[in-house]
Amino acid sequence: MAGAWEAGGWGLFAGAALVLGAAVGTLVRVPPRWVALIMAFGSGVLISAVAFDLVAEAKEQGGLLPTVAGAVAGAAVYSGANVLLARRGARHRKRSGDRQPSEEQQPGSGGALALGALLDGVPESVVIGTSLLGGGQVGMATVAAVFISNVPEGLASAAGMKRAGRSRRYVFLLWSAIAVVSGLSALAGYTLLGGAPDAVLAAITAVAAGAILAMIADTMIPEAFEEAHLLTGLTTVLGFLTAFTLSH
């Protein structure tokens, strides 16, 4: 039981970065260019975690086939859900500018934004929980990557919600709820998958990796490039190398 609570605690810790970012995004006026650069850095951090922690671990644990199949499935499910949510008003949920629709402009977009935030955060948290299975240590590189990337996600999204006319109370309640769900997802990953075969764990890790990589390509990098332009690539590489260094 101690392991389950530890998993939940680490998931909550990583999810709390969203609240931290939201606080900055709503209380401080951060220039859009800086938000974009932070988002690019967070993208690089997550790409490193996907490549060197999630996919590599899945391949070692279950072999190539479950890893490839899981990654493709994760990307497909994420992309399909993202298309549905985009039609409901959540296409620009990570944008800090004025792209997010208000509730008056598109009824139901607030709920779509919340579901989109869940879609982005749950795969990361499940992986944090499964990393503790078998008495292992939590994947600190993965936790650090999720935490670092969650700050600009929360910052950009909260700034966009504020511009769309959503209240500060709505923003903080949303991200606090997502942080709690992140903790519960990590706890569930540890509890529900404790007896799963290695091939199943590998596939689930790969599913999360595929979903995270699709999320980076669909939402984070476009937000970064829109404001940072040609600095996006360099900043992304710096984030990638920072996470790579942490993992070693």
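Quick caveat, the model's predicted, so the values are computed rather than measured. (Residues numbered from 1 in each chain as written. Predicted model: local features only at pLDDT ≥ 70, side-chain atom pairs only at ≥ 80, totals over all residues. Heavy atoms only, no water.)

1. Description of the packing of aromatic side chains
Aromatic ring pairs are described here by two measures, namely the spacing of the ring centres and the angle between the planes. If you walk through the whole model with that rule in mind, you get four aromatic pairs. Plain terms: the ring middles of Phe13 and Phe147 are 4.8 Å apart, the flat faces sit at 15 degrees to each other, and that makes the pair stacked. You can see Phe13 sitting in helix H1 (residues 2–27) and its partner Phe147 sitting in helix H5 (residues 140–163), a full 134 residues away along the chain. Given the relative accessible area of 42%, Phe13 is considered partly exposed. Using a relative accessible area of 22% as the deciding quantity, one classes Phe147 as partly exposed. Ring centres of Phe52 and Phe244 lie 4.9 Å apart, and the angle between their planes is 55 degrees; on these two criteria the pair is classed as tilted. Pair noted here: Phe52 is in helix H2 (residues 32–62) and Phe244 is in helix H8 (residues 231–247), with a separation of 192 residues, a long-range link. Here Phe244 falls in the partly exposed class, since its relative accessible area comes to 30%. Feature note: the residues Trp10, Phe13 and Phe147 constitute an aromatic cluster, connected by ring pairs. (Phe/Tyr/Trp six-rings, centres within 6.5 Å; stacked < 30°, edge-to-face > 60°. Helix = DSSP H or I, 4+ residues; strand = E, 2+ residues; numbered from the N terminus. Buried < 20%, exposed > 50% of the residue type's maximum accessible area, 1.4 Å probe, protein only.)

2. Topic: the UniProt feature "transmembrane region" (unreviewed entry) in the protein
Mapped onto this numbering, the UniProt entry gives "transmembrane region" (unreviewed entry) at residues 7–27, 34–52, 64–85, 170–193, 199–216 and 228–246. Between the C-alpha atoms that bound residues 7–27 there is a distance of 31 Å. The span itself is 100% helix and 0% strand. Within residues 34–52, the helical portion is 100% and the strand portion 0%, while the C-alpha atoms at the span's ends are 27 Å from each other. (UniProt positions renumbered as here; feature names shortened; annotations may be inferred.)

3. A word on the side chain of Ser182
Note on placement: Ser182 falls in helix H6 (residues 168–192). Using a relative accessible area of 4% as the deciding quantity, one classes Ser182 as buried. Once residues within four sequence positions are removed from consideration, Ser182 is found in contact with Gly11, Leu12, Gly15 and Ser125. (Contact = heavy atoms within 4.5 Å.)

4. Overview of unusual backbone geometry
Note on backbone geometry: most residues besides glycine have negative phi, and most peptide bonds are trans. Positive phi, normally seen in glycine, also occurs at His229, with a value near 55 degrees. Summarising the element assignment, His229 is placed in the loop between helix H7 (198–228) and H8.

5. Description of the confidence of the model for the protein
In this model, the protein carries an average pLDDT of 79, and 83% of its residues clear a pLDDT of 70 or more. Taken element by element, the protein is modelled with least confidence in helix H4 (residues 109–130), mean pLDDT 68, and with most confidence in H8, mean pLDDT 90. (pLDDT = per-residue confidence, 0-100.)

6. Structural notes on the nonpolar core
Counting residues in each nonpolar core, the largest one holds 25 residues, and the members touching the most others are Leu46, Leu54, Tyr78, Ile212 and Met220. When contributions to this core are tallied by element, the ones reaching two or more residues are H2, helix H3 (64–90), H4, H5 and H7. With nine residues, H7 is the largest single contributor of residues to this core. (Core = buried A, V, L, I, M, F, W, Y, C linked by side-chain atoms within 4.5 Å.)

7. Let's talk about the environment of Ala209
Position of Ala209 relative to the elements: it lies in helix H7. Classification of Ala209 by relative accessible area gives buried; the value is 1%. Considered as a pair, Ala209 and Ala51 are 158 residues apart in the sequence and their alpha carbons are 8.2 Å apart. In this structure, Ala209 is in contact with Val50, Leu54 and Val55, ignoring residues within four places of it in sequence.

8. Considering the packing of H2 against H7
Closest axis-to-axis distance for the H2/H7 pair is 8 Å, and the angle between their directions is 160 degrees. Viewed along their axes, H2 and H7 adopt a mutual orientation that is roughly antiparallel. Our pair here, H2 against H7, has a crossing hand that is left-handed. For the contact of H2 with H7, a count of residues per class yields 25 nonpolar, five polar and four charged. (Axes fitted to C-alpha atoms, helices over the stretch in contact; angles between N-to-C directions. Parallel < 35°, antiparallel > 145°, perpendicular 65-115°, else oblique. Left-handed = near helix turned anticlockwise from the far one by under 90°. Nonpolar A, V, L, I, M, F, W, Y, C, P; charged D, E, K, R; others polar.)

9. Re the packing of H2 against H8
The contact between H2 and H8 brings their axes to 7 Å, and the two run at 45 degrees. One way to sum up the angle between H2 and H8 is to call them oblique. Crossing hand, H2 versus H8: right-handed. Taken together, the residues of H8 that come into contact with H2 (itself represented by Arg33, Leu37, Ala40, Phe41, Ser43, Gly44, Val45, Ile47, Ser48, Phe52 and Asp53) are Leu231, Thr232, Thr235, Thr236, Leu238, Gly239, Phe240, Thr242, Ala243, Phe244 and Ser247. Here the contact of H2 with H8 is composed, by residue class, of eleven nonpolar, nine polar and two charged.

10. Re the environment of Ala202
Residue placement: Ala202 occurs in helix H7. For Ala202, a relative accessible area of 0% puts it in the buried group. Note: C-alpha distance between Ala202 and Gly62 (140 residues apart in sequence) is 5.1 Å.

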